[in-house]
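Inside the fold
Letter by letter, the chains look like this.
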Amino acid sequence: MFGMSYPTISFRISPREREEIEAKILVSGLSKKDYFVRSCIYNWVCVVGKKELVYQLVEELKVMQTNIREVTEQFEKTEIALTPEGLEDMRNDCLDMLKAILWVLDGAKYLWQDSDAGAEESPNSGNC
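The rules behind the values
Residues numbered from 1 in each chain as written. Predicted model: local features only at pLDDT ≥ 70, side-chain atom pairs only at ≥ 80, totals over all residues. Heavy atoms only, no water. Helix = DSSP H or I, 4+ residues; strand = E, 2+ residues; numbered from the N terminus. Core = buried A, V, L, I, M, F, W, Y, C linked by side-chain atoms within 4.5 Å. Buried < 20%, exposed > 50% of the residue type's maximum accessible area, 1.4 Å probe, protein only. Domains from an automatic or database assignment. Phe/Tyr/Trp six-rings, centres within 6.5 Å; stacked < 30°, edge-to-face > 60°. Salt bridge = Lys/Arg side-chain N within 4 Å of Asp/Glu carboxyl O.

Going by what an unreviewed UniProt entry lists, the chain is known as Plasmid mobilization relaxosome protein MobC and is assigned to Eisenbergiella massiliensis.

1. Section: the environment of N67
Tracing the backbone shows N67 in helix 3 (residues 51-77). Taking C-alpha positions, N67 is 9.1 Å from C94, a pair spaced 27 residues apart along the chain.

2. Digging into the nonpolar core
Formed by 16 residues in total, the largest nonpolar core has its most connected members in V27, Y35, L57, M97, I101 and W103. Sorting the residues of this core by element identifies helix 1 (15-28), helix 3 and helix 4 (84-108) as the ones contributing at least two each. The element best represented in this core is helix 4, accounting for seven residues. Formed jointly, this core draws a minimum of three residues from each of two domains, domain 1 (12-43) and domain 2 (49-111).

3. Let's talk about the packing of aromatic side chains
What the rule picks out here adds up to two aromatic pairs. With a centroid separation of 6.2 Å and an interplanar angle of 85°, the aromatic rings of F11 and F36 are classed as edge-to-face. Taken together, the positions of F11 in the segment before helix 1 and F36 in helix 2 (residues 32-42) put the pair 25 residues apart, joining distant regions of the chain. Classification of F11 as exposed rests on a relative accessible area of 52%. Residue classification places F36 among the partly exposed residues on the basis of a relative accessible area of 29%.

4. Describing the pattern of salt bridges
Evaluated as defined, the whole model comprises nine salt bridges. For the salt bridge of D34 with K33, the shortest nitrogen-to-oxygen distance reads 3.8 Å. Classification of D34 as partly exposed rests on a relative accessible area of 29%. Of the charged contacts in the structure, one is a salt bridge between R91 and E88, with a shortest N-O distance of 3.7 Å. Of the two residues, R91 and E88 are both situated in helix 4; the distance of three residues between them amounts to about one turn of the helix.

This is how it looks when you write it as structure tokens:
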């Protein structure tokens, strides 16, 4: 099958939508292609925790911790070096990552919920 090429699908999104999608892709541990295919075809993405994904999330949380610590120090000194736009960007980055992590945790909550208390036996959160 020489010369066979697969079509490209593209669409436009806002910068904020892109940031939110990128955060979900990051915490999913999937490639962009796999994330989009699973989202579009199956209307869900199953996230399976693995050591590499956990380490990646820990690194993201470390970055967030450093950024938040720096802003806290600036607020305490009332010497804010961040522009309003920079502060908004940092806020959005942290919010996107936290929402994506909560999305993953929501999909995995069946692992720690007490099944005797009526919790679901299997994932059913839209991401698995």
